[in-house]
Amino acid sequence: MNFSIEREKLLKPLQQVVGVVERRQTLPVLSNVLMVVDGDTLALTGTDLEVELVARIGLEQSFSHAEITVPAKKLLDICKSLPEESQIQFILEDQKLLIKAGRSKFSLATLPANEFPNLEDAVGQVSFSMNQGYLKSVIDRTAFAMAQQDVRFYLNGMLFEVSTNLLRTVATDGHRLALCKAQIQCEVEKPFQSIVPRKGVLELAKLFSDVDADISIALSGNHIRVESADLRFTSKLIDGKFPDYERVLPKQGDKNVLADKTEMRQCFSRVAILSNEKYRGVRLRLESGNLTTVANNPEQEEAEESINVDYQGGELEIGFNVNYLLDVLNVIRSDTVKLQLADSNSSALVTDAEDDSASYVVMPMRL
Amino acid sequence: MQRKIIHIDCDCFYAAVEMRDDPTLRHRPIAVGGDPGRRGVISTCNYEARQYGVRSAMASAYARRLCPQLIILPHRISYYREVSLQIMRILQQYTDRIEPLSLDEAFLDVTGQTHFQGSATRMAEAIRKQVRSQVGITVSAGVAPNKFLAKIASEWNKPDGLFVIRPDDVERFVPALPVEKLHGVGKVTAERLHRLGIHTCADIRAMDHFRFVEKVGSFGEYLYRLAHGQDERPVEARDERKSLSVEHTYERDLPDLDSCLRQIPALQDRLQQRLQRSQKDGVIKKAFVKIKFADFTSTTMECCVGEPSLPVYQSLCDEAFQRKGMSVRLLGVGVRFAERIHAPVTQYAFDFA
């Protein structure tokens, strides 16, 4: 291996790849990054066996094929610390990777490339392409509802459901559920479901956010692979059955409330201060044109605030974990939020009043 | 958010206080406890005594046999309480989230505290130094991202030591821990785990989550998390007291009911004093009398009452005594408090089935 590259061209892709490499690894080679030079392309790969990221970088000229793995974090630290616009030369010599730039020289330990695991090459059963920013937005609008370290392992991720010309993302922790729809170009015979693990979901939203570029997404029984011009991200899927989310979408809600989103969010966050720190319960009292929110804590302190809402109907009192409501209000984009309620023991359907592509279901609390 | 928990544990607290007040005791095996001639037990002993195998909760007479030159000093509980208060006041300078476990032990949550640029390690060092110079005894400290690891850490370099388990160390540190170190694993659970071939946290981690919980039962879920270095228990400053009692082990067994009844007024007096000192414990719900008979069996008699009076305790004592009708080693009287009314909170869950 003997090639050179500008620091600036290397830095960002290297940072992205190192981002998926776990700091503490059981297998030493997993804290390494795989470098492959092939013609005028350098490919960097990082993996934790659950997810894998490959970044491709164009080189100024063609170099002969070579591959090696080196400690990821150290390589990144070295490249970061070099002066801007340095030309960095990499030479493999006696199983050490020499890194030279200006008057600096480093010699890094290596492990052979053939010890580097690669996630099996998956055959895409369903594939489609979409805008990066669009994918990020459907993830961002649902990811907060994913479970975390739940024993029901299939909840610790996000459902990607592809039907003809439609992608649905669904996340739930058993108490609340978020669902978002995106238009895509895709023909499938029947809906195809994959559960992408939490880490993969968060990486996707982080890696692909360029609103001017497209990505292709391929789903197989075991993997999701997302590819842009210079990145290829693969994640294993959670092997399990996602719950039937249609079942929990409320249908009988007849009490419709329209409220100013910002006003409601500010009201909830103020009242939340005196809610029980553990349960975060608040009481919502609904009457014609008015919503009063009340919180109490074990110290017998109390907060209460009323806001004007668009509501005609009977009185209703219902309790919620205020964090669940705030999480939803934080991702609603227009100024008006719509709540559909039935009674104190039934779930609430929360939507953006001007956009029905996302729906949120929150189960109440008995306080 | 990454928490920073410090566990502070005084080194052989009672013995340390005694050695501080009488330096001639230093370097000699000493213990604080009951008189060996009167069936006393050892509360605390210094490290010199531990070399002879003396341990706390051991019968004083047996301890004396292990170490004939052992100096056994009587308790001075109210004095130790004063010293403890002095230490707690030092701790309060670092955070208000303190959970005292006993007179000589406390958890501190220093997450977000700004002393020493937020370095929990340096706060722990400063606490140790301050206690040494202002109180005159040594404390050991453990610093970790949660309570269970902080407690293990404080034991690590005991006495007069500090041990830090950084978040990055957790993965390296936890697997090697024997299961006995896990919070809540006593002899019985440990034996059960050993029978399953589980001796260290690494053994638990090697097991499938479901299988482990299935084998170990409901407690397994908690253990499984501990074995992965996870413990979300908060440092809780307010601990609700469920009961309050005083008891006494008599030098000579009380031979009959009358001699027991004669002891009740003195015990009730002490209970009243304790109750007055801690008024905030809430509404009294029950009164109880505890008896330990000469054959070491215990019995407790209780009744619902809002304001326990002497006749109530006397009649409880009568009833309790009749259960065995033999001479009595120990008598105790106490009250139980009504649980504070917390409205039952239920978060409804989806019915996915």
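Everything numeric in this text was worked out from a predicted model, so none of it was measured.

(A) Spotlight on the overall build of chain B. Helix and strand content of chain B: 13 helices and 13 strands. Evaluated residue by residue, chain B yields a buried proportion of 44% over its 353 residues. Look at the contacts in chain B between residues 6 or more apart in sequence, and 62% of them connect residues 24 or more apart. When the accessible surface of chain B is totalled, it reaches about 18,400 Å², and 51% of it is carbon and sulfur.

(B) Structural view of the interface of chain A and chain B. In this complex, chain A contributes 24 residues to the contact, which on the side of chain B involves 21 residues. Linking chain A to chain B there are 1 salt bridge. Here R247 of chain A and D351 of chain B are joined by a salt bridge, their closest N and O atoms 3.7 Å apart. At the junction of chain A with chain B, the criterion picks out 5 residue pairs in polar contact (both at pLDDT 80 or more).

(C) A nonpolar patch on the surface, seen in detail. A cluster of nonpolar residues, V151 and F153 of chain A together with F210 of chain B, forms a patch on the protein surface that exposes about 250 Å² of accessible area. Here F153 of chain A shows up in the loop between helix 3 (132-140) and strand 8 (157-163).

(D) Fine view of the pattern of salt bridges. All names here are of chain B. Under the counting rule described, the total for this entry stands at 39 salt bridges over all chains. A salt bridge links R97 to D109, with the shortest nitrogen-to-oxygen separation between them at 3.5 Å. Within this pair, whereas R97 is found in the loop between helix 4 (77-92) and strand 5 (98-102), its partner D109 is found in strand 6 (residues 105-109), the two being separated by 12 residues in sequence. D109 gets classed as buried once you look at its relative accessible area, which sits at 6%. Each member of the salt-bridge network shares a partner with another, and the members are E18, R20, D21 and R76.

(E) Focus on the sheet that holds strand 4 (residues 71-73) of chain B. All names here are of chain B. The strand order across the open sheet formed by 3 strands is 3-2-4, and the pairing between neighbours is mixed. Both outer strands of the open sheet, strand 3 (42-45) and strand 4, are each paired with one neighbouring strand and no more. When strand polarity is set aside, the average angle formed by the axes of neighbouring strands in this sheet is 30 degrees. The strands touched by helix 1 (residues 13-21) are strand 2 (30-33), strand 3 and strand 4; relative to strand 2, the strand with the most contacts, the crossing angle is about 115 degrees.

(F) Quick peek at the packing of aromatic side chains. Residue and element names in this part refer to chain B. For the structure shown, the criterion picks out 15 aromatic pairs over all chains. Ring geometry for W156 against F163: centres 5.4 Å apart, planes inclined by 25 degrees, an arrangement best described as stacked. Given a relative accessible area of 41%, W156 falls into the partly exposed group. Look at F350 and F352: their rings are 5.5 Å apart centre to centre, the planes differ by 45 degrees, and that puts the pair in the tilted class. Accessibility classification places F350 together with F352 in one group, the buried group. Put simply, the rings of F13, Y14, Y79 and Y80 touch in pairs and so form one group of aromatic residues. Over the face of the ring belonging to Y47 we find R50, whose NZ or CZ atom lies 4.5 Å from the ring centre. Above the face of the F288 ring, R336 is positioned so that its terminal group lies 4.1 Å from the ring centre.

About the thresholds
- Residues numbered from 1 in each chain as written.
- Chains lettered and ligands numbered in written order.
- Predicted model: local features only at pLDDT ≥ 70, side-chain atom pairs only at ≥ 80, totals over all residues.
- Heavy atoms only, no water.
- Helix = DSSP H or I, 4+ residues; strand = E, 2+ residues; numbered from the N terminus.
- Buried < 20%, exposed > 50% of the residue type's maximum accessible area, 1.4 Å probe, protein only.
- Contact = heavy atoms within 4.5 Å.
- Areas by Shrake-Rupley, 256 points an atom, 1.4 Å probe, with all protein chains shown as cover.
- Salt bridge = Lys/Arg side-chain N within 4 Å of Asp/Glu carboxyl O.
- Polar contact = N/O pair within 3.5 Å; in protein donor to acceptor, adjacent residues only side chain to side chain.
- Patch = residues over 30% accessible without salt bridge, like charges linked within 9 Å, V, L, I, M, F, W, Y side chains within 5 Å.
- Pairing = 2+ DSSP bridges.
- Axes fitted to C-alpha atoms, helices over the stretch in contact; angles between N-to-C directions.
- Phe/Tyr/Trp six-rings, centres within 6.5 Å; stacked < 30°, edge-to-face > 60°.
- Lys NZ or Arg CZ within 6 Å of the ring centre and 35° of its normal.

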